[in-house]
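Geometric and topological summary
Each chain, written out:
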Amino acid sequence: MEGAGYRVVFEKGGVYLHTSAKKYQDRDSLIAGVIRVVEKDNDVLLHWAPVEEAGDSTQILFSKKDSSGGDSCASEEEPTFDPGYEPDWAVISTVRPQLCHSEPTREPSCPQGSWAFSVSLGELKSIRRSKPGLSWAYLVLVTQAGGSLPALHFHRGGTRALLRVLSRYLLLASSPQDSRLYLVFPHDSSALSNSFHHLQLFDQDSSNVVSRFLQDPYSTTFSSFSRVTNFFRGALQPQPEGAASDLPPPPDDEPEPGFEVISCVELGPRPTVERGPPVTEEEWARHVGPEGRLQQVPELKNRIFSGGLSPSLRREAWKFLLGYLSWEGTAEEHKAHIRKKTDEYFRMKLQWKSVSPEQERRNSLLHGYRSLIERDVSRTDRTNKFYEGPENPGLGLLNDILLTYCMYHFDLGYVQGMSDLLSPILYVIQNEVDAFWCFCGFMELVQGNFEESQETMKRQLGRLLLLLRVLDPLLCDFLDSQDSGSLCFCFRWLLIWFKREFPFPDVLRLWEVLWTGLPGPNLHLLVACAILDMERDTLMLSGFGSNEILKHINELTMKLSVEDVLTRAEALHRQLTACPELPHNVQEILGLAPPAEPHSPSPTASPLPLSPTRAPPTPPPSTDTAPQPDSSLEILPEEEDEGADS
């Protein structure tokens, strides 16, 4: 239904106001009406009107009770029983929301016309739903001003349909303290991030976020992420308890099964994807033009995305993918750039090389970095021939590059897990200087993963959960039911980009595909979704509990096929992008829409792709734990403060 300046996007009849709070409603206390969601003048309004007024969608009215208490329309008898909602939410209480229109409200001349109301969705603060087992479901809307609108009783069902429509414009998050109360946020990822930020999931001292979890990953993981589970279970998966109507629904309406579905996203069929062969040296050479400048770069990147690179080509191509060499530069410009960067590297290396042992004893920061790097390097990819043996020169290069990186990025320094990211780069490049600058390029993408605040990791887990909720709500429901809905078992995947999940050659293929930035930002999150999609039946049909789920995910290490995962991740991306009603926050994650304007500056509200912030200088973790076997290293999040509110 459309009119001048407005469009009705939802309409439902049989929505009553109960103007008496008695246990048994008489006919005079029931007011039948129509609820509508109306797009009007760049705003979205929720409008209810009695049946006699419902024909005119443009009349946006709200009636308030006389503050003096002299409302002749209200019941003179004090309420004696509240049928399912607390006195604070009684329908006879009135509110004073900020009006978002210029039409005057009418003086209450009768109990029918005076109850019409309208409110902008932006003015909503929360939505309370009814307890299960009532004759019909109801919703109570609360405004930002703190008042409640009259409860809407859906005598012929329709609460689920209304919430589906509202979810197009709002994020409905179930309160961790009250499963019947939905908190309302603007439909953008920054709102979720802001709320997530206030949960304070990690200790103030999270500099040893990785090493503290080497000993007992199973119990400490679920302890630290219990609050994440509670929040996201509410934010993205409404509770299954129903408010089913005992009355038979009319033929044109479905039964009211409850609130198990908030998102109205209906994805189409998943397309078939076929990956191509790797880019060969001959194909690369065809893209090299006069003066050594690469030509048709977008086409070349697309080929790398669809097929990867031949092993013999990686040493050259990775320098471009990681931003060390410019795609637009000539051969001579590249040579001059390498000479400049070589001189810069050795100047930084000399800074720590020239520190005497006596000086280092008075420099606890440098000493801590050196100790941690030596310990991590000694157990990084030691089964790889390039790094095996006690006196392997590759280990010395890893050590020197990582220490030099501490001079390059004083604020970040070294954090456990960085050696995992450097190792494949040095293996491919086989040159200290070039490997250092390629590593710096990689760290520009993922340095936020290693910040002391862990804001980037929390944000990524939130985005991953949003994607999975849209792609497979049943899997999310199952994980929620097993206290695994926080996806904490994906922490290591995202932290070091699946380095421990695939065989070494497959990691090379995976990373070079991700480095293309195609088909959009955050493909690594869809890689995680693809792995979970592949293991879906095993997880859901095996009767796993939370510990078994974590154990099963960890046991996938070295058993995954990178080509199968990449094929499925691309198919998931195409399936999502083909959806015409994809929520805006999901569009942001996929790079299909610009980030929504944040309401206020927030360290967690960063644009996509990942834009890590700089952390203050952080002392390295100081642990005396013995080196763990390489395959059992568990990189997991920090344990929460037991005194914090959940």
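These figures come from a predicted structure and were not determined experimentally. (Residues numbered from 1 in each chain as written. Predicted model: local features only at pLDDT ≥ 70, side-chain atom pairs only at ≥ 80, totals over all residues. Heavy atoms only, no water.)

1. Some remarks on the overall build of the chain
Note the cut-off: Helical segments are the DSSP runs of H or I of at least four residues, strand segments are the runs of E of at least two, and each set is numbered from the N terminus. We call two residues contacting when some pair of their heavy atoms lies within 4.5 Å.
If you tally the helices and strands in the chain, you get 22 helices and 10 strands. Partitioning the contacts of the chain with sequence separation of at least 6, the portion at a separation of at least 24 is 73%.

2. Topic: the packing of helix α14 (residues 455-471) against helix α15 (residues 473-481)
We apply this condition: Each axis is a line fitted through C-alpha atoms, and for a helix only the stretch in contact is used; angles between axes span 0 to 180 degrees, taken between their N-to-C directions. Working rule for angles: under 35 degrees goes down as roughly parallel, over 145 as roughly antiparallel, 65 to 115 as roughly perpendicular, anything else as oblique.
Following both chains from N to C, one finds α14 and α15 inclined at 120°, their axes separated by 5 Å at the closest point. In terms of their interaxial angle, α14 and α15 are classed as oblique. Contact with α14, carried on its side by L465, L468, R469, V470 and L471, involves P473, L475, C476, D477, L479 and D480 of α15 and no other residues of that element.

3. Concerning the packing of helix α17 (residues 504-515) against helix α18 (residues 523-534)
Running from N to C, α17 and α18 point in directions that differ by 135°, and their axes come no closer than 10 Å. Put simply, α17 runs oblique to α18. Contact residues: L510, V513 and L514 in α17; L523, H524 and V527 in α18.

4. Considering the pairing of strand β6 (residues 124-129)
Inclusion rule: Remark: exposure states derive from per-residue accessible area (1.4 Å probe, protein chains only) relative to the maximum for the residue type, with buried under 20%, exposed over 50%, and partly exposed in between. Two strands are said to pair when DSSP picks up at least two bridges between them.
Within β6, five of the six residues are buried, which leaves the element mostly enclosed by the surrounding structure. Pairing geometry for β6 and strand β7 (residues 137-143), over five bridges, is antiparallel. If you follow L124 over to β7, its bridge partner there is T143. Inspection of the sheet shows β6 paired to strand β10 (residues 178-186) by three bridges, in the antiparallel sense. Paired with R128 across the two strands is L181, which belongs to β10.

5. Details of the pairing of strand β4 (residues 43-50)
When you tally the buried positions in β4, you get seven out of eight residues, the bulk of the element. Inspection of the sheet shows strand β3 (residues 30-40) paired to β4 by eight bridges, in the antiparallel sense. Within β4, the residue paired with V37 across the bridge is L46. Where β3 folds back onto β4 in an antiparallel hairpin, the turn is made up of two residues, including D41, whose phi is positive at roughly 50°. As paired strands, β4 and strand β5 (residues 117-120) are joined by four bridges and run antiparallel to one another.

6. Quick look at the packing of aromatic side chains
Just so we agree on the cut-off: Each Phe, Tyr or Trp ring, with Trp reduced to its six-membered ring, pairs with another whose centre is within 6.5 Å; inter-plane angles below 30 degrees give stacked pairs, above 60 give edge-to-face pairs, and intermediate values give tilted ones.
Following the criterion strictly, the structure yields 21 aromatic pairs and no others. Seen in terms of ring centroids, Y408 and F436 are 5.8 Å apart; in terms of plane orientation they differ by 85°. Their pairing is edge-to-face. On the criterion of sequence distance, the pair formed by Y408 in helix α11 (residues 393-408) and F436 in helix α13 (residues 432-446) is long-range, its members being 28 residues apart. Relative accessible area serves as the criterion here: at 32%, Y408 is assigned to the partly exposed category. A relative accessible area of 0% places F436 in the buried class. Each ring, one from F442 and one from W497, has its centre 5.3 Å from the other, and the planes form 65°; the classification is edge-to-face. Placement of F442 in helix α13 and of W497 in the loop between α16 (491-495) and α17 is noted, with a sequence separation of 55 residues between them. Per residue, the accessibility class of F442 equals that of W497, and both read buried.

7. Let's talk about the confidence of the model for the chain
What counts is decided by this rule: Residue-level confidence of the predictor, termed pLDDT, takes values from 0 up to 100.
This prediction gives the chain a mean pLDDT of 76; 68% of its residues lie at or above 70. In this model residues 599-646 is a low-confidence stretch, pLDDT under 50, and it forms 135 contacts with partners more than four residues away in sequence or in other chains.

8. Things to note about the nonpolar core
What counts here: Here, nonpolar core refers to any group of buried Ala, Val, Leu, Ile, Met, Phe, Trp, Tyr and Cys residues whose side-chain atoms link them within 4.5 Å.
The biggest cluster of nonpolar side chains holds 115 residues, and the ones touching the most others in it are M418, I425 and F450. It is α13 that contributes the most residues to this core, 10 residues altogether. M418 has contacts with L402, Y405, L412, G413, F439, M443 and F450, leaving out every residue within four places of it along the chain. If you look at the next biggest cluster of nonpolar residues, it comprises 29 residues, including V15, V44, L162 and L170.

9. Description of helix α10 (residues 364-377)
Defined as follows: How far a helix is expected to stretch is found by multiplying one less than its residue total by 1.5 Å.
Taking 1.5 Å per residue as the helical rise, α10 with its 14 residues ought to reach 20 Å, and the 20 Å between its terminal C-alpha atoms agrees with that figure. By the burial criterion, the buried members of α10 are L366, G368, Y369, R370, L372, I373, D376 and V377. Turning to α10, the residues buried within the fold contact α8 (331-353), α9 (357-361), α11 and α12 (418-429).

10. Here's the deal with unusual backbone geometry
Note the cis peptide between L518 and P519, where omega equals -5°. Among the structural elements, P519 can be located in the loop between α17 and α18. One non-glycine residue, Q454, adopts positive backbone phi at about 60°. Assignment of secondary structure puts Q454 in the loop between α13 and α14. Despite not being glycine, D483 shows a phi value in the positive range, around 55°. With respect to the element layout, D483 can be found in the loop between α15 and α16.

11. Details of the pattern of salt bridges
Between side chains of opposite charge, a pair can form as their charged atoms come close. As a reminder, the rule being used: A pairing counts as a salt bridge when a side-chain nitrogen of Lys or Arg comes within 4 Å of a carboxyl oxygen of Asp or Glu.
What the rule picks out here adds up to 30 salt bridges. A salt bridge links E39 to R7, with the shortest nitrogen-to-oxygen separation between them at 3.1 Å. A residue pair is termed long-range when its members are at least 10 positions apart, and E39 in strand β3 and R7 in strand β2 (residues 6-18) qualify at 32 residues. Judged by relative accessible area, which is 33%, R7 ranks as partly exposed. Residue E344 is joined to K341 by a salt bridge in which the shortest nitrogen-to-oxygen separation is 3.5 Å. Of this pair, E344 and K341 both sit in helix α8, three residues apart, which is roughly one turn of the helix. E344 gets classed as partly exposed once you look at its relative accessible area, which sits at 22%. Overlapping salt bridges bring together R275, R314, R509, E512 and E563 as one network.

12. Considering the side chain of R275
Condition: For this analysis, a polar contact is any N or O atom pair within 3.5 Å, provided that within protein one partner can donate a hydrogen and the other can accept it, and provided that sequence-adjacent residues contribute only side-chain to side-chain pairs.
Tracing the backbone through its elements, the reader meets R275 in the loop between α4 (226-236) and α5 (281-285). Within polar-contact distance, the side chain of R275 engages the backbone oxygen of S306 at 3.3 Å. A polar atom in the side chain of R275 sits 2.7 Å from the side chain of E563. Beyond its immediate stretch of four places on either side in the chain, R275 contacts F305, S306, G307, G308, R509, V513, E563, L566, T567 and E570.

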